[in-house]
Amino acid sequence: MTAKIIDGKAIAAKRRAAVAVRVAELKAAGVAPGLAVVIVGADPASQVYVRNKHKACEETGIHSFSYELPETTTQDELLALVTELNARDDVHGVLVQFPLPAHIDEDAVIEAIDIGKDVDGFHPESIGRLVVGKDTFVSCTPAGVMVLLEESGIDLTGKDVLVLGRSNNVGKPAALLALARNATVTVCHSRTRDLADHVRAADVVIVAIGRPEMVKGDWIGEGAVVIDVGINRTEDGRLVGDVEFETAKERASAITPVPGGVGPMTIAMLLENTVKSAARSAGVE
Ligand code: NDP
């Protein structure tokens, strides 16, 4: 079997076009959606992410407010900025780009963000709402994974879904989202025994570990769906996922490529969350 390649770029483009239409409607109703993005220090990868978010906002008509703070910014100064952004009527989403310099407590920053503007979905209260099945902002990457599956016509009901990785921003919310879609969910991590056997038994495998091509193609069950969240740069400069794509695609029924799979969905979901927040603040959800 050769897998259908799930085209994240195309699906993200479709969602972004829908965001642009919604933004125009909101503006016509007197609400201009705004996203504030804060970056501390000069981490090159973070700068690229922030630039991409700014560009995506511009393309869809969302106002983007950028705050580039020096590495020496204190925790109190950053928290004061978050408090100011929480209070602003023209800012509907507050995003602080991670990682932060070591002297700043990331949890304190996450918890300072108003959950009504927590468009990254990292706040413990947002995650708690997800656990109990209440409406909330869902972390953008796992939300994007669910959209990829839905747009590809893959229903999780009754399926054995394996989530590989248990981070708060990807693995855990992905598992909760799959559970909410009536999947039977297994979560594996670095202490899991017989990982390959778990992968072999799954109908759908969602991998988010940050280990280049660690999941081998012959671990994939015949006809399984593979969603590869990992983004890793190899020594020769290539971008690869956490799954050995070339061999896995010969066994899977559908698979996401890296790049061009999950990656483009993350920003699309951030835009959707920002628009949802703006609409909610104006009572026109
Ligand atoms: P984290 O480092 O926070 O979590 C990694 C998880 O993988 C942990 O739960 C860890 O287990 C598990 N793990 C690590 N090594 C192994 C192993 N050898 N066997 C089994 N499990 C293992 O990473 P993230 O969740 O933030 O990100 C994962 C990947 O996804 C990265 O490549 C990242 O770049 C990418 N990513 C991509 C995004 C996108 O937009 N496409 C967005 C966010 C992330 P344990 O808990 O036991 O330590």
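Residues numbered from 1 in each chain as written. Predicted model: local features only at pLDDT ≥ 70, side-chain atom pairs only at ≥ 80, totals over all residues. Heavy atoms only, no water.

(A) Up close: unusual backbone geometry. Between Phe-98 and the following residue, Pro-99, the backbone shows a cis peptide bond with an omega angle of 5°. Looking at the secondary structure, you find Pro-99 in the loop between β4 (93-96) and α4 (106-112). Backbone torsion omega between Val-258 and Pro-259 reads 0°, so that peptide bond is classified as cis. Counting through the fold element by element, Pro-259 comes out in the loop between β11 (254-255) and α10 (263-281). If you check the backbone angles, Asp-194 has positive phi at about 50° while not being a glycine. Within the secondary structure layout, Asp-194 lies in the loop between β6 (184-188) and α8 (195-201). We note that Glu-213 has phi near 50°; this positive angle belongs to a residue other than glycine. Locating Glu-213 in the fold gives a position in the loop between β7 (204-207) and β8 (225-228). Assessed through its relative accessible area of 25%, Glu-213 is described here as partly exposed. (Helix = DSSP H or I, 4+ residues; strand = E, 2+ residues; numbered from the N terminus. Buried < 20%, exposed > 50% of the residue type's maximum accessible area, 1.4 Å probe, protein only.)

(B) Broad picture of the domain arrangement of the chain. Here the domain parsing of the chain yields domain 1 (29-115) and domain 2 (140-263). Domain 1 and domain 2 are separated by 29 Å when their C-alpha centres are compared. (Domains from an automatic or database assignment.)

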